[in-house]
Protein chains: 2
Amino acid sequence: MAKKVRIALDAMGGDFGPSVVIPGAAISLTRHPDSEFVLVGDSAKIEAELANHPALKKVSKVIHSDVAVSMHDKPSQALRRGRKVSSMWMAIDAVKHGEADVAVSAGNTGALMAMARFCLRTLPGIDRPAIAAVWPTMRGDSIVLDLGATIGGDAHHLKSLAIMGSAMARVMFDLERPTVGLLNIGVEEVKGGEEIREAAELLRAADLPQLKFIGFVEGDGIGKGDADVIVTEGFSGNIALKAAEGTARQLAEYLRAAMSRTWRSKIGYLFAKNAFKALRDKMDPSKSNGGVFLGLNGIVVKSHGGTDADGFAYAVDVGYDMVRYDLLNKINQTLDRDHGAAPAPAAAQEAVS
Amino acid sequence: MAKKVRIALDAMGGDFGPSVVIPGAAISLTRHPDSEFVLVGDSAKIEAELANHPALKKVSKVIHSDVAVSMHDKPSQALRRGRKVSSMWMAIDAVKHGEADVAVSAGNTGALMAMARFCLRTLPGIDRPAIAAVWPTMRGDSIVLDLGATIGGDAHHLKSLAIMGSAMARVMFDLERPTVGLLNIGVEEVKGGEEIREAAELLRAADLPQLKFIGFVEGDGIGKGDADVIVTEGFSGNIALKAAEGTARQLAEYLRAAMSRTWRSKIGYLFAKNAFKALRDKMDPSKSNGGVFLGLNGIVVKSHGGTDADGFAYAVDVGYDMVRYDLLNKINQTLDRDHGAAPAPAAAQEAVS
């Protein structure tokens, strides 16, 4: 029988804490009965929730923590106040010490990244981490990274993102050689953006067996599904994600207003209710919840802070998949292979990391 | 009686040339009877179209040009081949020589920007131009810039964008003191992005009477209408625009598929047809067509290349408004005022421009 997947949860993270985290874990457990949990946080509150979920209780270990990182703490505050003692830190620390294979938190992104980086350190050959997530497209799902962990970065950084993102696509989508595109703007010969052109040359030259580089992709190419993996530095990745989310919300609002404007449109809505439900499901952010922190010596998954139990369960599922299908080994294999091909720069990178 | 607004059109620009440009101009003329036109391009084709639009013919002067810039020419190619002789160049040149107040082209963006920059030069105090456009939001319309003219830029560049964008908002929305936000990502204390924080300090310190700086806005704040003017450098501005456009197309496609899935949803569609039409109108890109080039000694408006006559007419309307409500003077007044308050850096900027 395969090894169990051990998942550490920051039970106090997010807007609702244990009342979402525990039911969410219970939902994920029904889908992956070979999971075990380490639940970190206020043990009284956790136990109260666990009473409603006996199956989860049976496979969980509760670790008490008095300190919860607030959604408004700055990363530096969170580190000062929460290092070693907060539920967020202790969940990550369980990964570091081999008591869990992955940590999942709905707590604040900046604090979680700061703690994960401080506690787990970056992989050899990677000096700056990234956040990656699934982006629903017209052609299926893609992986987009970096969604905001690291602003800017040179061609080598972009190449590392391509390697890590393609490893995640292999895990999530069961692809042998996912396609990878670099996000760029359409206007050619504009001053700036040299690092993106240089990264394209690096990726073309490396011709890695684990990913197929297809060139540049524009902003509207993400939703078209132009590539399985879309790579960009963290500022523009975050802007792209938020601009797309904002547009989706805006159009949903227009649609709602249009359908309730006249008695005819209201009748139309009644007839088409199931169609609208299908549309809502398709647009439901909880169905693609779970940002994966890449580039660290361990896996950490960030859930949306305001999500419900279904959304949190999805983030736990993502964490499960990353472990079960061996994300870290897949990343390291590609990095090693790439370093083998070009040992000198790899050594240089390790020296500074 | 007020002075006429003289509009130079690159009749060969865009995917369809005179067959869209001339009918588009005719539509705009019905809305602004105090317009006059300079139509540059293949005079035989232009005259053939003008025969169907006698009112437009009466207020137009045709200038022949044999050379049309292709939608696929690189900016440098376009400049080499089209300088002085192409319809695009000659339309811009009409602005330079005072024969027109504004030039409008649906030709390729990179070529148009290269020619406009080469022909008109940047305003004193501005060293790099920008593209701005209207972005429909839940609270009305906003101006977003830079949509891709200039990649990157320091705090002073971002401040110039704020000044130019707010002048455009005053023209388009008839506001006395538009609100201005700087596009940024949510995670604080991330390495990088210093220029944005510095720009925020500059704008706060300047406290200009022509704009009200409100701080940072995230990607989803654009669609919420968090500010009348959203400022960012050209790479992330272009990514935001394209990601939003891509999402809108994706959701329209989902909606279409959902409504044609079952007989019930098809009946629903019939009842709600008018509501869907209103929704389509709201999402219609031709209703917000027209990118304005800012920072040059003259006004140039870029229309989408694939637009129809209605969309091109909207771009001509934008050009008309920029002239009628005095965009360039509004920009220069604010720049002068700002320079008056801080003469030393202004002089330094002029020296390098």
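Every residue gets a number counted from 1 within its own chain, in the order that chain's sequence is written. Note on labels: chains are lettered from A, ligands numbered from 1, in written order. Owing to the predicted nature of the model, reporting of local features is limited to residues with pLDDT of at least 70; listing and counting of side-chain atom pairs is limited to 80 or more, with chain, interface and lining totals taken over all residues. Based on all heavy atoms of the structure, the side-chain values leave hydrogens and waters out of the count.

A few points about the environment of Leu182 of chain A
Residue and element names in this part refer to chain A.
- Only DSSP runs of H or I with at least four residues qualify as helices, and only runs of E with at least two residues qualify as strands; both kinds are numbered from the N terminus onward. Within the fold, Leu182 resides in strand β7 (residues 179-183).
- Between the C-alpha atoms of Leu182 and Met259, which are 77 residues apart in sequence, the distance is 39 Å.
- Any two residues having at least one pair of non-hydrogen atoms within 4.5 Å are treated as being in contact. When residues no more than four places from it in sequence are discounted, the contact partners of Leu182 are Leu158, Ile196, Ala199, Ala200, Leu203, Phe213, Gly215, Phe216, Val217 and Val231.

Quick look at the interface of chain A and chain B
- Each side of the interface is counted separately: chain A has 65 residues, and chain B has 66 residues.
- Throughout, the accessible surface (probe 1.4 Å) given up by two parts as they are put together, summed over both, is called the buried area. Taken as a group, Ile185, Tyr254 and Phe271 of chain A account for 12% of the area that chain A buries against chain B, more than any other trio of residues on that side.
- For this analysis, a salt bridge means a side-chain nitrogen from Lys or Arg found within 4 Å of a carboxyl oxygen belonging to Asp or Glu. In this structure, Asp220 of chain B engages Arg249 of chain A in a salt bridge whose closest nitrogen and oxygen atoms are separated by 3.1 Å.
- Breaking the side of chain A that touches chain B down by element, the ones donating at least two residues are α4 (75-82), α6 (109-120), β5 (130-137), α9 (219-224), α10 (234-259), α11 (263-271) and α12 (273-283) of chain A.

Section: unusual backbone geometry
- Of note, the amide linkage connecting Leu145 of chain A to Asp146 of chain A takes the cis form, showing an omega dihedral of 0°.
- Even without being glycine, Asp174 of chain A reaches a positive phi, approximately 55°.
- Here Asp174 of chain A is to be found in the loop between α7 (155-173) and β7.
- Backbone geometry at Arg121 of chain B places phi at a positive 65°, although glycine is not the residue there.

A short note on the pattern of salt bridges
- Enumeration according to the criterion identifies 22 salt bridges over all chains in this entry.
- Of the charged contacts, one joins Asp101 of chain A and Arg6 of chain A as a salt bridge, the two residues approaching to 2.8 Å between their closest N and O atoms. Taken together, the residues Asp101 of chain A in the loop between α5 (87-96) and β4 (102-105) and Arg6 of chain A in strand β1 (residues 5-10) connect sequence positions 95 residues apart.
- What emerges from the salt-bridge pattern is a single network uniting Asp220 and Lys224 of chain A together with Arg249 of chain B.

Let's talk about the sheet that holds strand β11 (residues 299-302) of chain B
All names here are of chain B.
- A pair of strands is labelled paired if DSSP reports no fewer than 2 bridges between them. Spatially, β3-β2-β1-β4-β11-β10-β5-β6-β9-β7-β8 is the arrangement adopted by the 11 strands of the open sheet, whose pairing is mixed. In this open sheet, the two edge strands, each paired with only one partner strand, are β3 (60-64) and β8 (212-217). Recorded for the sheet is a direction-independent mean angle of 25° between the axes of neighbouring strands.
- By the bridge criterion, three bridges tie strand β7 (residues 179-183) to strand β9 (residues 229-231) in an arrangement that is parallel. The residue bridging Gly181 from the neighbouring strand is Ile230, located in β9.
- Contacts from helix α7 (residues 155-173) reach β5 (130-137), β6 (140-145), β7, β9 and β10 (291-294) within the one sheet, and its direction differs from that of β6 by about 150°. Lines fitted to C-alpha atoms define the axes, with helix axes restricted to the stretch in contact, and inter-axis angles between N-to-C directions lie between 0 and 180 degrees.

A short note on the confidence of the model for chain A
- Predicted confidence across chain A gives a mean pLDDT of 90, with 93% of residues reaching 70 or more.
- Note: pLDDT gives the predictor's confidence per residue, expressed from 0 to 100. Contacts of residues 341-353 of chain A to residues separated by more than four positions or lying in other chains number nine contacts, the stretch itself having pLDDT below 50.

Focus: a negative patch on the surface
Residues and elements named next belong to chain A.
- A grouping of Asp127, Asp154, Glu198 and Glu201 is seen on the molecular surface, where their side chains present a negatively charged patch.
- You can see Glu201 is positioned in helix α8 (residues 194-206).
- Under the scheme applied here, a residue whose accessible area is under 20% of the maximum for its type counts as buried, over 50% as exposed, and between as partly exposed, the area being computed with a 1.4 Å probe on protein chains only. Since its relative accessible area comes to 54%, Glu201 is described here as exposed. Distance thresholds for patches are 9 Å for like charges and 5 Å for nonpolar side chains (Val, Leu, Ile, Met, Phe, Trp, Tyr), applied to residues having over 30% relative accessible area and no salt bridge. All accessible-area figures derive from a Shrake-Rupley calculation using a 1.4 Å probe, and residue coverage is judged against the displayed protein chains alone. Charged residues are defined narrowly, with Lys and Arg counted positive, Asp and Glu counted negative, and His plus the chain ends left uncounted. By convention, the charge on Lys lies at NZ, on Arg at CZ, on Asp at CG and on Glu at CD.

Re the relation of the copies chain A and chain B
- Superposition record for chain A on chain B: RMSD 0.1 Å, screw rotation 180°, translation along axis 0.0 Å. The symmetry that links the two subunits is that of a two-fold axis. Taking C-alpha positions as reference, the residue of chain A nearest the rotation axis is Gly268 of chain A, located at 1.8 Å.
- Here 100% of the contact residues of chain A are again contact residues in chain B; the copies associate through an equivalent surface. Our superposition of the copies is a least-squares fit, built on the C-alpha atoms of residues whose pLDDT is at least 70 in both.

Let's talk about the domain arrangement of chain A
Residues and elements named next belong to chain A.
- The domain architecture assigned to chain A consists of domain 1 (5-126 + 295-330) and domain 2 (130-285).
- Relative placement of domain 1 and domain 2: their C-alpha centres are 26 Å apart.
- Listed per partner, the contact involves 11 residues of domain 1 and 11 residues of domain 2.
- Together domain 1 and domain 2 conceal approximately 1,000 Å² of surface at their shared face, both sides included; 76% is due to carbon and sulfur atoms.
- On the domain 1 side of the interface with domain 2, the three residues burying the most area are Met113, Met322 and Lys330, jointly 40% of the side's total.
- Counting of polar contacts relies on pairs of N or O atoms within 3.5 Å, with two restrictions inside protein: one atom must be capable of donating a hydrogen and the other of accepting it, and residues adjacent in sequence are counted only when both atoms are side-chain atoms. Our count for the domain 1 to domain 2 interface comes out at zero residue pairs in polar contact (both at pLDDT 80 or more).
- At three residues, the largest contribution of residues to the side of domain 1 that touches domain 2 is made by helix α13 (residues 309-324).
- Split by residue class, the side of domain 1 that touches domain 2 holds six nonpolar, three polar and two charged. The source of the domain bounds is an automatic or database domain assignment. For this scheme, ten residues count as nonpolar: Ala, Val, Leu, Ile, Met, Phe, Trp, Tyr, Cys and Pro. Four count as charged, namely Asp, Glu, Lys and Arg, and the remainder, Gly too, count as polar.

Let's talk about a positive patch on the surface
Residue and element names in this part refer to chain A.
- A cluster of like positive charges, contributed by Arg83, Lys84, Lys96 and Arg121, occupies part of the molecular surface.
- Of note, Lys96 is situated in helix α5.
- Taking relative accessible area as the criterion, Lys96 reaches 48% and is therefore assigned partly exposed.

Digging into the side chain of Ser303 of chain B
All names here are of chain B.
- On the secondary structure map, Ser303 appears in the loop between β11 and α13 (309-324).
- Residue Ser303 is classed as buried on the basis of its relative accessible area of 0%.
- In terms of polar contacts, Ser303 uses its side chain to reach the side chain of Asn289, at 3.0 Å.
- Excluding residues within four positions of it along the chain, Ser303 makes contact with Ser105, Ala106, Asn289, Phe312 and Ala315.

Quick look at the pairing of strand β11 (residues 299-302) of chain A
Residues and elements named next belong to chain A.
- Alternating positions in β11 separate into two faces, Ile299 and Val301 on one and Val300 and Lys302 on the other, with burial throughout.
- Taken together, the four bridges between β4 and β11 define a ladder with parallel strand orientation. Opposite Ser105, over in β11, you have Lys302 as the bridge partner.
- Hairpin geometry of strand β10 (residues 291-294) and β11 is characterised by an intervening segment of four residues between the two adjacent antiparallel strands and by a positive phi of about 100° at Gly295.

So, the packing of aromatic side chains
- Aromatic rings from Phe, Tyr and Trp, with only the six-membered ring used for Trp, were paired whenever their centres fell within 6.5 Å, and each pair was classed as stacked if the ring planes differed by under 30 degrees, edge-to-face if by over 60, and tilted otherwise. For the coordinates displayed, the defined rule picks out two aromatic pairs over all chains.
- Note on geometry: a ring has a charge over it if NZ (lysine) or CZ (arginine) is within 6 Å of the ring centre and within 35 degrees of the ring normal. The residue whose ring lies beneath Arg121 of chain A is Phe118 of chain A, and the NZ or CZ to ring-centre distance is 5.3 Å.

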